[in-house]
Amino acid sequence: MAVVPLGLPAVPAQRPGTAADRPVAERGLVDRFGRTATDLRVSLIDKCNLRCSYCMPPEGLPWLPSDRLLSDDEVIRLITIAVERLGVTEVRFTGGEPLLRRGLVDILHATTALRPRPETMLTTNGIGLARQAPALAAAGLDRVNISLDTLDRETFRRIAHRDRLADTLDGLKAASDAGLTPVKINSVLLRGVNEHEATALAEFALQHGHELRFIEQMPLDAQHSWERTSMVTAEEILAALQARWTLTPDPAHRGAAPAETWLVDGGPARIGVIGSVTRPFCGACDRTRLTADGQVRNCLFATGETDLRGALRAGATDAEIADLWRIAMWGKLAGHGIDDPSFLQPDRPMSAIGG
């Protein structure tokens, strides 16, 4: 199937939730460009115990009031609709920091009890994982992604405005010990801050059997201070790594995975780079997002949302909610358009959207 070039939709752009050009009922989460969303990202909470500079200001953000957050039962109901009616096969729990959600284990238990059983993942900063990893594994969690941008305590404090590097490292070990493997590390390099640590982070991951993913910094900070010229690009990251190792393209088919992966010195170890800005993968995107307050986003960079929380609380049936979700995804654009002069950064930061 031909993929429409990034930023050049074949039909006029639609706001999510409009029904001018509706998808076929009883089908999955398809869009007008032939993509099908099977990967659900569920943000469980907007709060976080770090204040990473590329996400939020040091003083934090106004958190969502509790009555706007989905309850555990509401989260479970929406995941059930996604899996049983809409063809979702992977569920990733995100935040904010999802380990701060008190009902996480119960939500996970309910998710892994669904049939067909979806693959379950968790993206976390690792703080608290040393305590929670065994219970998460027992509830059926398949694997984790842990954010780690530096191995230096002072640099960690500078980026995250918290002295919690030891807790994150303890979380990494606990995840491995609990069998939540392969443990993947997500690292963002910031120019003039930690860009020189690319090799050190890679060596750490290789030594401990983790899979490292470098992620280009994206325009999702609450301060709206992102500038492309200051971003460490995928090409720069690869150049730094290639000065130390021989990297060859991974022969495994990438599919809809966001990371391009390379074999390190012939393998089997791999390192990945997620070039969301300079090497976008929108044409193969298979993701749909649910925010902690029950809004569907058909793209990480979407400027509109579809309210499922309101439908739930107004008494909508599962079939009606599924139809709203289908319409929301049908309106997905061909690409995020970061390179387009008309690009607008989402009002919500990453902590409120979910990774």
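Residues numbered from 1 in each chain as written. Predicted model: local features only at pLDDT ≥ 70, side-chain atom pairs only at ≥ 80, totals over all residues. Heavy atoms only, no water.

Structural notes on the environment of Arg157
Operational definition: Each helix is a run of H or I in the DSSP string that is no shorter than four residues. Each strand is a run of E no shorter than two, and both are numbered from the N terminus. Residue contacts follow a heavy-atom distance rule, with two residues in contact if any of their heavy atoms lie within 4.5 Å. Definition of a polar contact: a pair of N or O atoms within 3.5 Å, with one able to donate and the other able to accept a hydrogen when the atoms are protein atoms, and with sequence-neighbouring residues admitted only if both atoms are side-chain atoms.
Tracing the backbone shows Arg157 in helix 4 (residues 153-160). For the pair Arg157 and Cys52, spaced 105 residues apart in sequence, the C-alpha separation works out to 9.1 Å. Leaving out residues up to four positions away in the same chain, Arg157 has contacts with Arg162 and Asp163. One polar contact links Arg157 to Glu154, side chain to side chain, over a distance of 3.0 Å.

Quick look at unusual backbone geometry
Omega for the peptide link from Gly95 to Gly96 comes to 20°, which places this bond in the cis form. Secondary-structure assignment places Gly96 in the loop between strand 4 (90-94) and helix 2 (104-112). The peptide bond linking Gly267 to Pro268 adopts the cis configuration, its omega dihedral lying at 5°. With respect to the helices, strands and loops of the structure, Pro268 is situated in the loop between strand 10 (260-264) and strand 11 (270-274).

Let's talk about the sheet that holds strand 6 (residues 143-147)
Here is the rule we go by: At least two bridges found by DSSP between two strands are what make those strands a pair. Axis definition: a line fitted to C-alpha atoms, over the contacting stretch in the case of helices. Angles run 0 to 180 degrees between N-to-C directions.
Across the sheet, which stays open at both edges, the 12 strands sit in the order 9-10-11-8-7-6-5-4-3-12-13-14 with mixed pairing between neighbours. Unpaired on one side and paired on the other, strand 9 (247-249) and strand 14 (306-307) mark the two borders of the sheet. Of the strand pairs in this sheet, strand 13 (residues 295-297) and strand 14 are connected by 2 bridges, and their pairing is antiparallel. Counterpart to Val296 in the pairing with strand 14 is Thr306. Strands in contact with helix 1 (residues 72-86) are strand 3 (39-43), strand 4 and strand 12 (287-290); relative to strand 3, the strand with the most contacts, it is inclined by about 175°. Against the sheet, helix 7 (residues 234-242) contacts strand 8 (211-215), strand 9, strand 10 and strand 11, and its axis sits at roughly 160° relative to strand 11.

Observations concerning the pattern of salt bridges
A side chain of one charge can pair with a side chain of the opposite charge when the charged atoms of the two come close. Heads up, the condition is: Salt bridges are counted wherever a side-chain nitrogen of Lys or Arg sits within 4 Å of a carboxyl oxygen of Asp or Glu.
For the coordinates displayed, the defined rule picks out 22 salt bridges. One salt-bridge network, held together by shared partners, links Arg153, Glu154, Arg157 and Asp163.

Looking at the packing of helix 1 against helix 2
Put simply, the rule is: The cut-offs work like this: below 35 degrees is roughly parallel, past 145 is roughly antiparallel, 65 to 115 is roughly perpendicular, and the gaps in between are oblique. Less than a right angle of anticlockwise turn of the near helix away from the far helix marks a crossing as left-handed, whereas a clockwise turn marks it as right-handed. Residues are sorted three ways: Asp, Glu, Lys and Arg are charged, Ala, Val, Leu, Ile, Met, Phe, Trp, Tyr, Cys and Pro are nonpolar, and all the rest, Gly among them, are polar.
Two numbers describe how helix 1 lies on helix 2: the axes approach to 10 Å, and their chain directions differ by 25°. Considered as vectors, helix 1 and helix 2 are oriented roughly parallel to each other. As for how helix 1 packs across helix 2, the hand of that crossing is right-handed. On the side of helix 1, the interface is formed by Asp72, Val75, Ile76 and Ile79, while helix 2 contributes Asp106, Ile107, Ala110 and Thr111. Of the residues contributing to the contact of helix 1 with helix 2, the split by class is 5 nonpolar, 1 polar and 2 charged.

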